[in-house]
Amino acid sequence: MNTRSTKVRITIRLLQFTIAMAIIPLISACATKHTEKKQDLEAWVGTSVEALDTHALFSTMPMFRTNTDGGTEIRNYAYGYDFGECFGKAGASSPGDFVNTNAFIACSSSRIVCNNLFYIKEEKIIEYAPTGRCHTDRRTQPETRHVTTKS
């Protein structure tokens, strides 16, 4: 096998790999939609803070609390997960090719987070504002036992 053609093949493969690594984050960013529904967000307005304290989903998440000077409590029920992917190619693309002993492997990791922000004043929720990569549905709405306590 010609040394020059081997170098060209390796260069082409590295170029293909580089392009693929540049495109993958773009595709995954487009595939992950932020799907907060207006009715899911509005369902919390006026609900008692007890509904949030005892909610089946939010009670399982770590919660961070801050207070503003104006007396508004902000609760963040943060949900996140880490994921990683590795890609590599040992240099062989068809049967009978030689395998490169210095295989090129690239790994990446990301953290996907949804911050479920609740704004509370006088023990009532005044706003639910999920921020980040979030999805809302009936499971994120107040549970039925607390809907009647809305004023």
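These figures come from a predicted structure and were not determined experimentally.

Enquirer: Help me understand unusual backbone geometry, please; the structure alone is not making it clear to me.
Expert: Glycine aside, a negative phi is what most residues show, and trans is what most peptide bonds show. The backbone phi angle of Glu-122 is positive, close to 55°, even though this residue is not glycine. Turning to its location among the elements, Glu-122 is positioned in the loop between β3 (104–121) and β4 (124–132). Given a relative accessible area of 71%, Glu-122 falls into the exposed group.

Enquirer: I would appreciate a short explanation of the pattern of salt bridges in the present structure.
Expert: In this structure the tally under the stated criterion is five salt bridges. A salt bridge links Lys-38 to Glu-42; the nearest nitrogen and oxygen atoms lie 3.8 Å apart. Residue Lys-38 and its partner Glu-42 are both found in helix α2 (residues 38–42); the two are separated by four residues, about one turn of the helix. Arg-75 is the salt-bridge partner of Asp-53, the closest N and O atoms lying 2.4 Å from each other.

Enquirer: Could you clarify how one ought to interpret a nonpolar patch on the surface in this entry?
Expert: Side chains of Tyr-79, Tyr-81 and Phe-83 sit close together on the surface and give an oily, nonpolar patch of about 310 Å² of accessible area. What makes Tyr-81 partly exposed here is its relative accessible area of 43%.

Enquirer: Just checking my understanding: could you explain the side chain of Thr-47 for this structure?
Expert: By the secondary structure assignment, Thr-47 is in the loop between α2 and α3 (49–53). With a relative accessible area of 1%, Thr-47 lands in the buried category. Polar side-chain contacts of Thr-47 include one of 3.3 Å to the backbone oxygen of Ala-43.

Thresholds, definitions, all that
- Residues numbered from 1 in each chain as written.
- Predicted model: local features only at pLDDT ≥ 70, side-chain atom pairs only at ≥ 80, totals over all residues.
- Heavy atoms only, no water.
- Helix = DSSP H or I, 4+ residues; strand = E, 2+ residues; numbered from the N terminus.
- Buried < 20%, exposed > 50% of the residue type's maximum accessible area, 1.4 Å probe, protein only.
- Salt bridge = Lys/Arg side-chain N within 4 Å of Asp/Glu carboxyl O.
- Patch = residues over 30% accessible without salt bridge, like charges linked within 9 Å, V, L, I, M, F, W, Y side chains within 5 Å.
- Areas by Shrake-Rupley, 256 points an atom, 1.4 Å probe, with all protein chains shown as cover.
- Polar contact = N/O pair within 3.5 Å; in protein donor to acceptor, adjacent residues only side chain to side chain.

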